[in-house]
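Survey of secondary and tertiary structure
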Amino acid sequence: MKREYLTPDLCDAYPDQVRVVAPMFNNFGGRRSFGGEIVTVKCHEDNSLVKQQAGFDGAGKVLVVDGGGSLRRALLGDMIAAEAVKNGWEGMVIFGCIRDVDAIGELDLGVQALDTVPLKTEKRGIGELNVTVSFGGVDFVPGQYVYADNNGVIVSAQSLELPGV
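Since the model is a prediction, treat every value here as computed from it, not as a measurement.

Our next topic: helix 3 (residues 78–86). Within the sequence span of helix 3, burial applies to Ile80, Ala81 and Ala84. The arc enclosing the buried residues of helix 3, seen along the axis, measures out at 100°, which places them on a common side. Seen from the open side of helix 3, the exposed residues pointing more than 90 degrees away from its buried face are Met79 and Lys86. Of the surrounding elements, those touching the buried residues of helix 3 are helix 2 (48–54), strand 5 (74–76), strand 6 (91–98) and helix 4 (101–104).

Turning our eyes to something else, we now look at the packing of aromatic side chains. The tally for this structure, following the rule as stated, stands at four aromatic pairs. With 4.5 Å between their ring centres and 25° between their planes, Phe135 and Phe140 make a pair best called stacked. Exposure class is identical for Phe135 and Phe140. Each is buried. Counting every residue linked through ring pairs, the aromatic cluster contains Phe25, Phe95, Phe135 and Phe140.

This part is about the side chain of Ser33. You can see Ser33 is positioned in the loop between strand 2 (26–27) and strand 3 (34–42). In this structure, Ser33 is in contact with Arg3, Glu4, Tyr5, Ala148 and Asp149, ignoring residues within four places of it in sequence.

This paragraph deals with the pattern of salt bridges. Under the defined criterion, the tally for this structure stands at six salt bridges. For Arg31, the salt bridge is made with Asp108, and the minimal N-O distance between the two is 3.0 Å. Of this pair, Arg31 sits in the loop between strand 2 and strand 3 while Asp108 sits in the loop between helix 4 and strand 7 (110–116); the two residues are 77 residues apart in sequence, bridging distant segments of the chain. Given a relative accessible area of 38%, Asp108 falls into the partly exposed group. Of the charged contacts, one joins Arg72 and Glu45 as a salt bridge, the two residues approaching to 2.7 Å between their closest N and O atoms. Of the two residues, Arg72 is situated in the loop between strand 4 (61–66) and strand 5 and Glu45 in the loop between strand 3 and helix 2; the sequence distance between them amounts to 27 residues. Overall, Arg72 belongs to the exposed group, its relative accessible area being 55%. Since its relative accessible area comes to 12%, Glu45 is described here as buried. Three or more residues joined by partner-sharing salt bridges are found here, namely Arg31, Glu90 and Asp108.

Moving on, we get to the state of the cysteines. Applying the stated criterion across every chain yields a total of zero disulfides. Of all cysteine sulfurs in the structure, the one in Cys97 sits closest to Cys43, which takes part in no disulfide; the separation is 12 Å.

Attention shifts here to the environment of Glu106. Following the sequence through the fold, Glu106 ends up in the loop between helix 4 and strand 7. For the pair Glu106 and Leu6, spaced 100 residues apart in sequence, the C-alpha to C-alpha distance is 21 Å.

Looking now at the nonpolar core. If you look at the biggest cluster of nonpolar residues, it comprises 22 residues, and the most contacted ones within it are Leu63, Val65, Leu76, Ile94 and Ile98. Of all the elements in the fold, those that place two or more residues in this core are strand 3, helix 2, strand 4, strand 5, helix 3, strand 6 and strand 7. Leave out the neighbours within four places in its chain, and Ile98 touches Phe28, Ala74, Leu76, Ile104, Val111, Ala113, Asp115, Thr116 and Val117. Core analysis: the next-biggest nonpolar cluster, separate from the first, contains 17 residues, Val21, Val62, Val138 and Ala148 among them.

What counts and what doesn't
- Residues numbered from 1 in each chain as written.
- Predicted model: local features only at pLDDT ≥ 70, side-chain atom pairs only at ≥ 80, totals over all residues.
- Heavy atoms only, no water.
- Buried < 20%, exposed > 50% of the residue type's maximum accessible area, 1.4 Å probe, protein only.
- Helix = DSSP H or I, 4+ residues; strand = E, 2+ residues; numbered from the N terminus.
- Arc of directions from axis to C-beta.
- Contact = heavy atoms within 4.5 Å.
- Phe/Tyr/Trp six-rings, centres within 6.5 Å; stacked < 30°, edge-to-face > 60°.
- Salt bridge = Lys/Arg side-chain N within 4 Å of Asp/Glu carboxyl O.
- Disulfide = S-S within 2.5 Å.
- Core = buried A, V, L, I, M, F, W, Y, C linked by side-chain atoms within 4.5 Å.

Listed below in structure tokens is the structure:
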């Protein structure tokens, strides 16, 4: 059974420990809430590193992808998302677009992204892995934690538990 995260309850329980990302994301994944340790990819219209990371063990982790907010190319599609599920990733937060939304919506993966676009990226192998990325008024630091649901996305320096859970 997958854990459920309620960002309003986490904000109430830990008001001084969470940073709230500006509202900009839509929830596209089959998992409505997700959370875990941050792994980052910084890329622009090239999802080579997203594909690479999806192939690694992602248990307890969330891939945070800084695509520069580009709405021109999809940084995630159904094949990479299916690979992420196979490798135990909790979810992905993508500051950019995705495609294959109907298929991704059927997968046990949390996916928050800005929007959708049908055009794939070119694979040039360009990008940075596990660097601090910033968007939505928040820094996403590798090794810290991110939580997301239909209410929004929050970040914390440490793992959070809801009281009584």
